[in-house]
Amino acid sequence: MTNKTAEIYNYIANLYQNELKDTAEKLEKKRKIYSFSYHFFTVFAILVTIGIIIGLFNIPYDNPNYQIIMSDNNTMIFIGGIVFSAVSIIWGIRTAIFNHYAQEVKNKLFKKLYKALDKNLNYIPGTFKLPVCFFGIEQLFDLFPDKTGTKFILEQNIRKLKILPSYDYIKIDDVILGNYNNREVQIIEFSLIEKQIYRDSKGRRHERFVEVFHGALFQTSMEKKIKTNIFIKQKGSSLVCPDRLQEVKLESNEFEKIYSVYSNDQIESRYFLTTATMDNFIKLKKSGLKLSGYISGNKLNILVHASKDMFEPDINKPINNPNNYFDIIFQAKMILDIITNLKLESKTGL
């Protein structure tokens, strides 16, 4: 493990000096502008919100406008709508600034950096994205999706999973495909979005978009093939148990505090979830990975639960310093190393 880590550091250091340095120096000049603009709009959004609230509550009590505003629900809703719209637009600009910066970094630097993990890996950066509340606008730019493209195929792959919560749309972001340590793998960062319909006080119909899941799907195969389906659910997650699977009680109290297990074969599932396997899942949780799994035959689907976007550059860190790349690279490595951490390469047990 130590040698592999050293190899990654050396690979990135050499790659930076030989190929990426000039590009990184140019991007660093842009980053400073992007960073200033990004933080400017962040502060601006906060100040606009505070300014409107202070202005509203500083109206004198004996002012007729105060009585109208405070007593009329429709007026309050209208003001709230203005505040929300203004802040949303400013926040959207802020997000667009970051997206533009991230796209350049991913396309010009990250595509080559992930080769440090394995030369047979291919990194496909996500496209431009807006906050979930603007997903309706984002759809307008994707009226005619490429149904032969890689991301469309991966989306269909995600839809086959039977453990996902109710959703209306899948939004795929960054993807890593290829081979890692001679094993076929894929990591798909994605969000599940639900369209909710509601009505205001006047009965008018509105819609909003809510993110019901965000994370990454890691798919690979095991040397060992099991004869049942097993669902290992991180407790507290929004994932759902497929029909016809029953809860499995295991001997590890520590494991059962973190995960719930369901299967259609109690004996086979216990044969898979040995004491060593449960300990490995516990170690993954302690390492910072919040995950669930669905195993069928020799196919392994691991869902990594994330509260924020993964594989993103940090707009606050200089891009011309190769030391700032390692957090991103090792984020992917931690997921890929589930292969060895769960001993998936073993034919005789896990």
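Below, the structure is looked at part by part.

Definitions and cut-offs
- Residue positions are given per chain, counting from 1 as you read along its sequence in written order.
- Reporting in this predicted model follows two pLDDT cut-offs: at least 70 for local features of residues, and 80 or more for side-chain atom pairs to be given and counted; totals over whole chains, interfaces and linings ignore these cut-offs and use all residues.
- To obtain the side-chain values, all non-hydrogen atoms of the structure were used and water was disregarded.
- Helix numbers and strand numbers start at the N terminus; a helix is a DSSP run of H or I with at least 4 residues, a strand a run of E with at least 2.
- Exposed residues in this analysis have more than 50% of their type's maximum accessible area, buried residues have under 20%, and partly exposed residues fall in between, with area computed by a 1.4 Å probe over protein chains only.
- Note on definitions: a residue-residue contact is assigned when non-hydrogen atoms from the two residues lie within 4.5 Å.
- A pair of strands counts as paired when DSSP detects no fewer than two bridges linking them.
- Think of a salt bridge as a Lys or Arg side-chain nitrogen and an Asp or Glu carboxyl oxygen that are within 4 Å of each other.
- Pairs of N or O atoms within 3.5 Å make up the polar contacts considered here, provided that, within protein, one atom can donate a hydrogen while the other can accept it, and that residues adjacent in sequence are counted only when both atoms are side-chain atoms.

A closer look at the environment of Y9
Move 1: Counting through the fold element by element, Y9 comes out in helix α1 (residues 2–57).
Move 2: Here Y9 falls in the partly exposed class, since its relative accessible area comes to 37%.
Move 3: With sequence-adjacent residues up to four places away left out, Y9 is seen in contact with F326 and F330.

Some thoughts on the sheet that holds strand β1 (residues 121–124)
Move 1: Taking strand neighbours across the sheet as the criterion, the nine strands line up as β1-β2-β3-β4-β9-β8-β5-β7-β6 in an open arrangement whose pairing is antiparallel. Of all strands in the sheet, those with a lone pairing partner are β1 and β6 (246–247), marking the two edges.
Move 2: Alignment of strand β4 (residues 205–221) against strand β9 (residues 299–305), held across seven bridges, turns out to be antiparallel. Pairing of G215 across the sheet is with H305, part of β9.

So, the pattern of salt bridges
Move 1: Per the stated rule, a full pass over the model turns up 13 salt bridges.
Move 2: When salt bridges that share partners are traced, they join K30, E104 and K108 into one network.

What about the side chain of D174?
Move 1: With respect to the secondary-structure elements, D174 resides in strand β2 (residues 169–180).
Move 2: Among the polar contacts listed, one links the side chain of D174 to the side chain of Y123, at a separation of 3.4 Å.
Move 3: Every residue in contact with D174, bar those within four places of it in the chain, is listed here: K106, Y123, I124, P125, G126, I187, I188, E189, M310, F311 and E312.

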